[in-house]
Amino acid sequence: MIANDWIQIFISLAFVVLMAPLVGRYLAWIYQSQSLSLEKGLYRLLKIDADKEMTWKEYGVAIVVSNGFFFVAGFLVLWAQAILPLNPRHLSPLSAEVAFNTAASFVTNTNWQAYAGEAQLSNFSQMLAITFLMFVGANTGMASLVAIFRGFTRSGTTMMGNYWSDFFRFFVRAFLPACFLMALVHVWQGSPQTFKTTVTAKTMEGSQQTLIVGPVASLESLKQLGTNGGGFYNANGAHPYENPTPLTNTLEFLEMGIFTFALPFFFGRMIGRPRQGQVFFAVIFSLYLAGLGVIEYSEKMPNPLIAHQAISQQITPLQDGGNTEGKETRFGITQTSLFSNTTIAATTGAVDGAMDSMNPLSVLVYLVHMFLNEEPGGKGVGFAGLIKEAILAIFLAGLMVGRTPEFLGKKIESKEVKLAVLSLLITPLLVLGLTALSVVIPAGKSSMDNPGPHGFMEVLYAFASGNANNGSAMAGLNVSTPYYAILIGVEMLFGRFLPLLPLLAMAGSLARKKTHPETAGTFKTDTTLFVVLLFGFMVLFAALTFFPPLILGPLLEHLSILHGISF
Amino acid sequence: MKKKVMPDYGIYMEAIIQSLSMLNPAKLYRNPVMFIVEIGSVLTTSMAIYAGVTHSGEAGFGTMISIWLWLTIGFANFAEALAELRGKAQASSLRSTRAETTARLVTPVGFSHVPGSELKKQDQFLVEAGEIIPTDGEILEGVASIDESAITGESAPVIRESGGDRSGVTGGTRVLAGKIRVSVSNNPGETFLDRMISLVEGASRQKSPNEIALTILLVGLTLIFLFVVAAIPAFSSYSGIKSSPTILIALLVCLIPTTIAGLLPAIGIAGIDRAFRANVIAKSGKAVEVAGDIDILLLDKTGTITFGNRQAVQFIPAKGVPEKELAHASWLSSLSDETPEGKSIVALAESLIESKTPPDRLVPIPFTPETRMSGVDSADGEIRKGAEDAVSTYTGAPFSADIQEIISNIAKSGGTPLVVAKNKKPLGVVHLKDIIKPGLKERFARLRKMGVTTVMVTGDNPLTAKAIAEEAGLDDFFAQAKPEDKMALIRKEQEKGRLVAMTGDGTNDAPSLAQADVALAMNSGTQAAKEAGNMVDLDSDPTKIIEVVEIGKQLLITRGALTTFSIANDVAKYFAILPAMFVVAYPQLKVLNVMGLATPESAVTSAIIFNALIIPALIPLALKGVSYKPVGASSLLRRNLLIYGLGGIIVPFIGIKLIDMALVLLHFT
Amino acid sequence: MKLLGQSFRATVLLMIVCGALYPAAVTAVGNILFSHQAQGSLVKGGNGQVLGSTLIAQGFKDPKYFHPRPSAAMTPDGSAAQPYDAAFSSASNLGPDNSAEIKAMTDAAAAYRLENHLSPGSVVPIDAVTASGSGLDPDISLMNAELQAPRVAESRHISLDRVKELIRKKTIKPQLGFLGTSRINVLMINIALDNEHPAEKTN
């Protein structure tokens, strides 16, 4: 079995490493070529002048206004579900706060779910609200990233591209076709795809079973390719209809990774320095591998608290063993580790097993990934965060070579530092502040499902996930209460747009600057040394910011388990 | 000679007194990180006093922490005060050379005696041999030999004269010979020296752009750690742990980047001070900082790369002309030529000719810009010497092939050919050779490793320029340059995003100096040049710019290294304080006390003591600067990351452990 | 303002394309190519009645059938607190150090031993005492199946070897030879039991 685990990991990751550069190249083509006639037709239909470039401010306003429209449309569909068609089960509408939370969640590419899909949403809502928002959320992220890239590809201009053009290019040439093709693969493997709602079965033991079906496959490929993560069903990717086989499980985490791990290569192509892309890939992939190693180790570790119980946790040819609570038999530990590590790293948020039942060291990894939120991060915004971290690391280290720090020929000066720092402040402020509030007031504590450090982690995880626009949850926490629905809803909007706009402004400032040619005195950012530096900076920074809650959460729980203490 | 400041212990006392006055919050708010520490100190002190008065426990521990928090601020203030005082001491040692003198102010009716300190800009005064020049100015009339050793330390006298590029005089220097009329450059209190002093003075000091950027980052980090610490009471309360406000404040102070924030002003001041010690007066902190960034260094050939004087080394006669005839003609034509070149021709010729009696009726023909030739008319006829094209115009015919070959050979070897013709017939060519200053090749190689491209600017023809550039080890050259070309060259490079440095002294350099990113003006130069540049070299040594580049780099490296060190230190401080906070409630967390610190109190105290002591420990480094070796950016970074990054993680583990052991030994816990 | 109009038109267009045309297109093509799967991988009995889905667990309790893993799939309000509720997938969401989790595992192990006539101290497989991620996990581990086999054989009055033979036959190997685990689909093996041993079915 151990050998098989290695093979699964190796083949999956080899696929990522081989495909990511190719997809990166394709993405670069999308943004470096002429508009297709189909796109031109769309622009005519929407009365958009796609050749008219925008300043960073215009771009930012376009992002905010268009997303405002998307958000309102999604909210209305969810809120008015009862009077809308395709609702044979007569499901009641979501409460206003949960509808707000959900619309915020899906428009920000978070896909946090404060509702149970199969029990609360009609097929109309699943399509017109959920599927729609998943598409636009991911597209917005991609467009923002391309605009930020232009801070490096351009010089002496205030123009950052056209938002609509950036939005639709990815949608038409990559996102929609890929979703369609992969949706068919998901159908082939067993995901339902029908406009029916329920199937009633009469079981062999004579009882009745109500199966919930619907347009599952079309949502499934989209949720992974768009690093959205919101599932059709409550159990998300653990549900056999969403994720019927080990093959779909593998395909799903590869779908999450395919665009996101391609982003560094895309970046390298766009700036005309492929090596820089490889270096960024090396950083995020190292973080990814480190996380995977810890999760795989942690989940296979027998739980000492049941050691005396004659319950076999061993890995044998007859069972996969390890921590099977919340995991599906068909996937086993390794598939679940691969999936969960990818979903967090790529800020998808889909899960194929219960995060709340993971061992504490795994949760530690998830939390650190979410605190960083940029390795590789979700559609676009995460990678922009990586650029922000790189700029701060370069600013510090660059000083140590005795020059005003520069990145890709652009000088990093007080304006860039100010904007990067502004963007950097959001995560600690939201995550630490909201967690601190929620673990002391009754409205926050009453939702916890687990006692002790694990309950603390549920809350910390929720706000880390909301801020990082991840969307996965330690689902024991009851987040459909007005307190959490509103708080996390606001947090997701803040977590998405507050760091993004300063980065856009920073790109605007960089685009105006001259590109400085390299000399022997320039600190090279396409070297192994830089990989080590950025890796170290990111880990150190996340550790310094979140050390106290990590001690009182996962480390305390881990050490308690080792000491045989339960809560 | 560099002036050395003798260790002066009085300066330390003065710094201590000044650092106490800097505790005033109205002054301290300029340093936001230390301002936060001060707020924390006030809080812990109040709590310690309250605990002492009410006998409620933590008084001893609280007092200990409070003392060390105040010391933390004190050490940071001390660093700044010390740097400032050293800079001022350096400046006033220069100023003291300007003993109060009496100036002879030129008035419409003659002149009047006034104190030198009352001279205003554009006043004119007279100075004669034996007198001290009362203030900075520019010679309007006359020539003088001046002893500038008081300023530059160079004992050889220098010639300063009106009209040329060496018309600037500095207050405090002594006229040895000659009489000059000087126009005053600055109003009292506005001389370069005065400006320099304001650069190091805390109150009026402007932060440089990079310092501002770094301060923003430090403030950002401080805010983040403020969030971190502010959240802990809630986390602790959930976990059933009682949190002590004193420990929380101690943790906050340990985490926020006090080390770099405390030393940052000192680093900046020390950078300017180091430039000062190299006898370079920077007009702003930014100028020194930008010097570290330059990509291209433009150097004039004459005077910078070569000694100003070319020397005649050979007479090469045309076919059929005896060498002696050429030598004789050259000798005659140069007898009245007072330029160094002329004198060297005379000297070389006299070693070859027998008869040293000039013929009668010699009429010297001086050099004019129109003919671009000089020479002599005598009974024998007329002799002319000049550049090849000038003489060719004079003879009215192209040179024969052999002469052309001679000319081209000389040019290729880096020499300057001077054609001598008699009665419109070319006799041959004098080989004038540029003498390249020694030691330049190594300095340029050093610059190359720093990533600075050196470009020589010269009026010479490309062949000569190439040969000299190669011999001197320059990367590139710009030949047949006219003064306005230099400006265009700077603009062109700046368009490409490069930062350009240059040195200059002449009035016609002024526009280029103003355009260049780093412009080092020679103190001997014209007032216009000094105004246009952003630094003035008192030694008037054009190669000094190399030192300035290194000082600029050192300044940035020191900031980056200490910031990295400061942040890396946080790891160990966390491992000291957090277990101390949590381990009582959760003994299973004991494993996190990796240093094995004795008690929670001793752990927190050790961390805060380390945090305070590291500031004075690093003051010498901040003042001296991190050593800079031009080894290329990557190896430099690797080295500094190892020392200040990895070292910054490891050192405090050792330091805190040692302090903890000392505390136990001294029974402080 | 122009942007408002553009955003409005884009919203309408994208809702139609993404929310309606895209799922409709997948449904059309999916049902042509893979109609069984598209409809939910349903298994039908002899009379055409839907018995269930091969992908979704059912809460078999009868000793003559293999039993699935414990399930936490039930509506949270407890109104119809039935596990294996295919209309409300859910995990237990209990942490590894939660005493409720320890107790749940202990209880499940005791119940498992009792129902399979195992001696009190005998080892039970971990998947038999832990709830799956969906609560609808259709599979059990081979070890779990092996331990249930004697009970199934006994209640069907067939030899253990025949049940073990069926387990061997119905073992789902890792997909493509390396993906996932070896396992038994509970519904499929139970249908096979009934098909291969119809005599025992009516008891």
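Quick note: structure is the one above.
Let me sum up the structure you'll find in this document. (Residues numbered from 1 in each chain as written. Chains lettered and ligands numbered in written order. Predicted model: local features only at pLDDT ≥ 70, side-chain atom pairs only at ≥ 80, totals over all residues. Heavy atoms only, no water.)

## Concerning the packing of helix α3 (residues 32–54) of chain B against helix α9 (residues 258–277) of chain B
Residues and elements named next belong to chain B.
Then comes step 1: The N-to-C vectors of α3 and α9 enclose an angle of 120°; their axes lie 8 Å apart at closest approach. Between α3 and α9, the interaxial angle falls into the category oblique. α9 is crossed by α3, and the crossing has left-handed handedness. For the pair α3 and α9, contact is made by V33, M34 and V37 and by T258, A261 and G262, respectively. (Axes fitted to C-alpha atoms, helices over the stretch in contact; angles between N-to-C directions. Helix = DSSP H or I, 4+ residues; strand = E, 2+ residues; numbered from the N terminus. Parallel < 35°, antiparallel > 145°, perpendicular 65-115°, else oblique. Left-handed = near helix turned anticlockwise from the far one by under 90°. Contact = heavy atoms within 4.5 Å.)

## Thoughts on the interface of chain B and chain A
Then comes step 1: Contacts between chain B and chain A engage 65 residues on the former and 61 residues on the latter.
Then comes step 2: Of the roughly 5,200 Å² buried where chain B meets chain A, counting both sides, 78% is carbon and sulfur surface.
Then comes step 3: Summed over the three residues of chain B that lose the most area to chain A, namely F235, Y238 and Q588 of chain B, the buried surface amounts to 16% of that side.
Then comes step 4: Two residues, R403 of chain A and D295 of chain B, come together in a salt bridge whose shortest N-O distance is 3.0 Å.
Then comes step 5: Contributing elements (two or more residues each) for the side of chain B that touches chain A: α7 (209–238), α15 (440–450), α17 (483–495), α20 (544–582) and α22 (633–665) of chain B. (Buried area = accessible area lost by both parts, 1.4 Å probe. Salt bridge = Lys/Arg side-chain N within 4 Å of Asp/Glu carboxyl O.)

## Side note on the pairing of strand β1 (residues 198–202) of chain A
Residues and elements named next belong to chain A.
Then comes step 1: Of the two faces of β1, only the one carrying V199 and A201 is buried; T198, T200 and K202 on the other face are not.
Then comes step 2: Pairing analysis gives five bridges linking β1 to strand β2 (residues 208–212), with the strands arranged antiparallel. Opposite T200, over in β2, you have T210 as the bridge partner.
Then comes step 3: Counted between consecutive antiparallel strands, the loop separating β1 from β2 contains five residues, among which G206 sits at a positive phi close to 90°. (Buried < 20%, exposed > 50% of the residue type's maximum accessible area, 1.4 Å probe, protein only. Pairing = 2+ DSSP bridges.)

## As for helix α14 (residues 381–399) of chain A
Then comes step 1: With 19 residues, α14 of chain A extends 27 Å between its outermost C-alpha atoms, agreeing within 8% with the 27 Å of an ideal straight helix rising 1.5 Å per residue.
Then comes step 2: Counting buried residues in α14 of chain A gives 19 out of 19 residues, a clear majority hidden from the surface. (Expected span 1.5 Å × (residues − 1).)

## Examining the interface of chain A and chain C
Then comes step 1: Each partner contributes to the interface: chain A provides 117 residues, whereas chain C provides 101 residues.
Then comes step 2: Taking both sides of the interface into account, the surface hidden between chain A and chain C amounts to around 8,500 Å²; carbon and sulfur atoms contribute 64%.
Then comes step 3: Summed over the three residues of chain A that lose the most area to chain C, namely M204, E325 and T329 of chain A, the buried surface amounts to 9% of that side.
Then comes step 4: Taken together, chain A and chain C are joined by one salt bridge.
Then comes step 5: The partner of R330 of chain A in a salt bridge is D137 of chain C, with the nearest N and O atoms 4.0 Å apart.
Then comes step 6: Viewed at the interface, chain C and chain A are joined by 58 residue pairs in polar contact (both at pLDDT 80 or more).
Then comes step 7: Examining the composition of the side of chain A that touches chain C, we find that twelve residues originate from one element, helix α7 (residues 163–189) of chain A, more than from any other.
Then comes step 8: Among the residues making up the side of chain A that touches chain C, the classes are represented as 65 nonpolar, 37 polar and 15 charged.
Then comes step 9: Here two bridges tie strand β3 (residues 311–312) of chain A to strand β3 (residues 124–125) of chain C, and the two strands are oriented parallel to one another. Considered in β3 of chain C, the bridge of S312 of chain A is made with P125 of chain C. (Polar contact = N/O pair within 3.5 Å; in protein donor to acceptor, adjacent residues only side chain to side chain. Nonpolar A, V, L, I, M, F, W, Y, C, P; charged D, E, K, R; others polar.)

## What about the layout of surface pockets?
The rolling of a water-molecule-sized probe over the atoms marks out the regions of remaining empty space.
Then comes step 1: Each pocket or cavity is described by its volume, and for the second largest pocket that value is around 1,100 Å³.
Then comes step 2: Along its surface, the second largest pocket is lined by 46 residues, and N234 and A475 of chain A together with F88, S90 and N93 of chain C are the ones closest to its centre.
Then comes step 3: For the lining of the second largest pocket, the element with the highest residue contribution is helix α5 (residues 117–120) of chain A, accounting for three residues.
Then comes step 4: Looking at the lining of the second largest pocket residue by residue, the class counts come to 23 nonpolar, 21 polar and two charged. (1 Å grid on protein atoms, 1.4 Å probe; cavity = no way out; pocket = protein on both sides within 12 Å on 5 of 7 lines; lining within 4 Å. Points joined across faces, edges and corners; volume = space filled by probe spheres on them.)

## A closer look at a positive patch on the surface
All names here are of chain A.
Then comes step 1: Side chains of K57, K415, K418 and R512 sit close together on the surface and give a patch of like positive charge.
Then comes step 2: As for its placement among the helices and strands, K415 is situated in helix α15 (residues 414–438).
Then comes step 3: The exposure class assigned to K415 is partly exposed, which follows from its relative accessible area of 42%. (Patch = residues over 30% accessible without salt bridge, like charges linked within 9 Å, V, L, I, M, F, W, Y side chains within 5 Å. Areas by Shrake-Rupley, 256 points an atom, 1.4 Å probe, with all protein chains shown as cover. Lys, Arg positive; Asp, Glu negative; His and termini not counted. Charge placed at Lys NZ, Arg CZ, Asp CG, Glu CD.)

## Let's talk about a nonpolar patch on the surface
Then comes step 1: A surface patch of nonpolar side chains, about 640 Å² in accessible area, is lined by L642, I643, L646, I650, I654, L658 and M661 of chain B.
Then comes step 2: For I654 of chain B, the position within the fold is in helix α22.

## So, helix α5 (residues 160–170) of chain C
Residue and element names in this part refer to chain C.
Then comes step 1: Restricting attention to buried positions, one finds in α5 the residues V163, L166 and I167. Projected down its long axis, α5 carries its buried residues within an arc of 105°, all on one side. Turned more than 90 degrees away from the buried face of α5 sit D161 and R168, all of them exposed. (Arc of directions from axis to C-beta.)

## Here we look at the arrangement of the chains
Then comes step 1: Where two pairs of chains are in contact, the pair with the most contacts is made of chains A and C.
Then comes step 2: Between chain B and chain C there is no contact, and the shortest C-alpha to C-alpha separation is 14 Å.

## Quick look at the pairing of strand β13 (residues 373–378) of chain B
Residues and elements named next belong to chain B.
Then comes step 1: When you tally the buried positions in β13, you get five out of six residues, the bulk of the element.
Then comes step 2: With three bridges connecting them, strand β12 (residues 363–365) and β13 associate as antiparallel partners. Following the sheet pairing, P364 is matched in β13 by V376.
Then comes step 3: Pairing of β13 with strand β14 (residues 381–386), which is carried by six bridges, proceeds in the antiparallel orientation. The partner of D377 across the bridge, within β14, is E382.
Then comes step 4: Between β13 and β14, which pair antiparallel in sequence order, lie two residues.

## Description of the side chain of Q276 of chain A
Then comes step 1: Structurally, Q276 of chain A is set in helix α11 (residues 274–300).
Then comes step 2: Non-local contacts of Q276 of chain A, meaning those with residues more than four positions away in its chain, are made with F267, I271, F407, L408, T525, D526 and F530 of chain A.

## Regarding empty space enclosed by the protein
Then comes step 1: Tallied over the entire structure, the rule returns eleven cavities of 30 Å³ or more.
Then comes step 2: Computed from the structure, the second largest cavity encloses a volume of approximately 140 Å³.
Then comes step 3: Along the wall of the second largest cavity there are 15 residues; nearest its centre are D320, G321, T324 and T329 of chain A together with D127 of chain C.
Then comes step 4: Residues of the lining of the second largest cavity, tallied by class, amount to two nonpolar, eight polar and five charged.

## What to know about the nonpolar core
A general feature of soluble globular proteins is that nonpolar side chains tend to end up buried together.
Then comes step 1: Within the largest apolar cluster, 362 residues are counted, with the highest numbers of intra-cluster contacts made by L27, Y163 and F266 of chain A, I305 of chain B together with L14 of chain C.
Then comes step 2: If one sorts the elements of this core by residue count, α20 of chain B sits on top with 22 residues.
Then comes step 3: No fewer than three residues from each of domain 1 (1–39) and domain 2 (40–196) of chain C sit in this core.
Then comes step 4: Once residues lying within four places of it in the same chain are set aside, the contact partners of L14 of chain C are F70, F132, V136, F167, F168 and F171 of chain A together with G19 of chain C.
Then comes step 5: Core analysis: the next-biggest nonpolar cluster, separate from the first, contains 33 residues, I353, I403, A421 and L427 of chain B among them. (Core = buried A, V, L, I, M, F, W, Y, C linked by side-chain atoms within 4.5 Å. Domains from an automatic or database assignment.)

Everything listed here is a matter of coordinates, which is why it stays silent on function.
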